[in-house]
Amino acid sequence: QPAALCRGGGALYDVGYQDGTLEQMLLGAAPLSATTIFRLSDGELLSRSTVVAEGTVLRTAARRNLRGSPETETTIRVTRLLRGSHAGDLVLRDLGGELPDGRWLRIWGRPEYVVASRVLVFAVPHPEGEFQTAELTLGKFEVWKDRAGRRYLARDLLTRPAQGVRYLRAVGSEKAAADTLRDHAAFLRFLAGGGSGGPTDAPPAVRLQDLEPDRDP
């Protein structure tokens, strides 16, 4: 399928997608394209987001939007509101997913939410109401922890296969970017300060393979 040129929160993406029926997906009949995502500073991500919240994923399910396209609706029980004004559960509607009738749309770079996982999300209004994750996968962090209970934040760029996604340093560059773990406490201080403060990256000695997802029992 051809790539679609989209703008989200002011950033420019080359969005790869694949659509069809479940049978076509299983057979691999449709060609795949890729999504190119350009690195965004945490401060820029914050400034482009309407709501920033931490919470637990309650449920996720595919639905049709008003145009009939599949999208995935994720409901998050908010435990900490870090930016914006919002009451109750946060509902995110991200383009892509598999409908019960077998039709599907795969958007490379769409954030993946797992029920019971603790997440920190950056969100912008959805054109049809509710919200959507800001800046594709850049707007969603999962909470991970070490054996001592210290928490860190990791994007899907670190925790999931990079199939279909090109993560580059800047527009016009072909140099690959690398994402990093964030220290949870330092990142919350950064957000509370409106995007100012000290470094938020986890110490270099902290490795994802030594951590585990922080999930509700």
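In the block above lies the structure referred to throughout.
Residues numbered from 1 in each chain as written. Predicted model: local features only at pLDDT ≥ 70, side-chain atom pairs only at ≥ 80, totals over all residues. Heavy atoms only, no water.

### Points about the overall build of the chain
Of regular secondary structure, the chain possesses four helices and 16 strands. Residue burial in the chain is summarised as follows: out of 217 residues, 45% are buried. At a minimum sequence separation of 6, the contacts of the chain that also span at least 24 residues come to 60%. When the accessible surface of the chain is split by element, carbon and sulfur atoms take 51% of a total near 10900 Å². (Helix = DSSP H or I, 4+ residues; strand = E, 2+ residues; numbered from the N terminus. Buried < 20%, exposed > 50% of the residue type's maximum accessible area, 1.4 Å probe, protein only. Contact = heavy atoms within 4.5 Å. Areas by Shrake-Rupley, 256 points an atom, 1.4 Å probe, with all protein chains shown as cover.)

### A look at the side chain of Arg160
If you trace the backbone, Arg160 turns up in the loop between helix 3 (156-159) and strand 14 (165-168). Here the side chain of Arg160 touches Glu112 through a polar contact of 3.4 Å, side chain to side chain. Those residues in contact with Arg160, other than ones at most four positions away along the chain, are Glu112, Val114, Lys140 and Glu142. (Polar contact = N/O pair within 3.5 Å; in protein donor to acceptor, adjacent residues only side chain to side chain.)

### Side note on the layout of surface pockets
To find leftover empty space, one rolls a probe the size of a water molecule over the atoms. Space inside the second largest pocket adds up to approximately 540 Å³. Breaking the lining of the second largest pocket down by element, the ones donating at least two residues are strand 6 (70-83), strand 8 (97-98), strand 9 (103-107) and helix 3. For the lining of the second largest pocket, the element with the most residues is strand 9, which contributes four residues. (1 Å grid on protein atoms, 1.4 Å probe; cavity = no way out; pocket = protein on both sides within 12 Å on 5 of 7 lines; lining within 4 Å. Points joined across faces, edges and corners; volume = space filled by probe spheres on them.)

### Digging into the pairing of strand 13 (residues 151-154)
Bridge count between strand 12 (residues 140-145) and strand 13: four bridges; the pairing is antiparallel. Looking across to strand 13, one finds that Glu142 is bridged to Ala154. A loop of five residues connects strand 12 with strand 13, the two strands running antiparallel in sequence, and Gly149 in this loop sits at a positive phi of about 90°. Where strand 13 meets strand 15 (residues 182-183), two bridges bridge the pair, whose relative direction is antiparallel. Note that in strand 15 the partner of Leu153 across the bridge is Arg182. (Pairing = 2+ DSSP bridges.)

### Quick word on unusual backbone geometry
The residue Glu130 is not glycine, and still its phi comes out positive at about 65°. Tracing the chain through its elements places Glu130 in the loop between strand 10 (118-125) and strand 11 (131-133). Residue classification places Glu130 among the partly exposed residues on the basis of a relative accessible area of 41%. Of note, Leu136 is a non-glycine position whose phi angle comes to about 55°, a positive value. For Leu136, the location among the structural elements is in the loop between strand 11 and strand 12. A residue is classified by how much of its surface remains accessible, and Leu136, at 18% relative accessible area, is buried.

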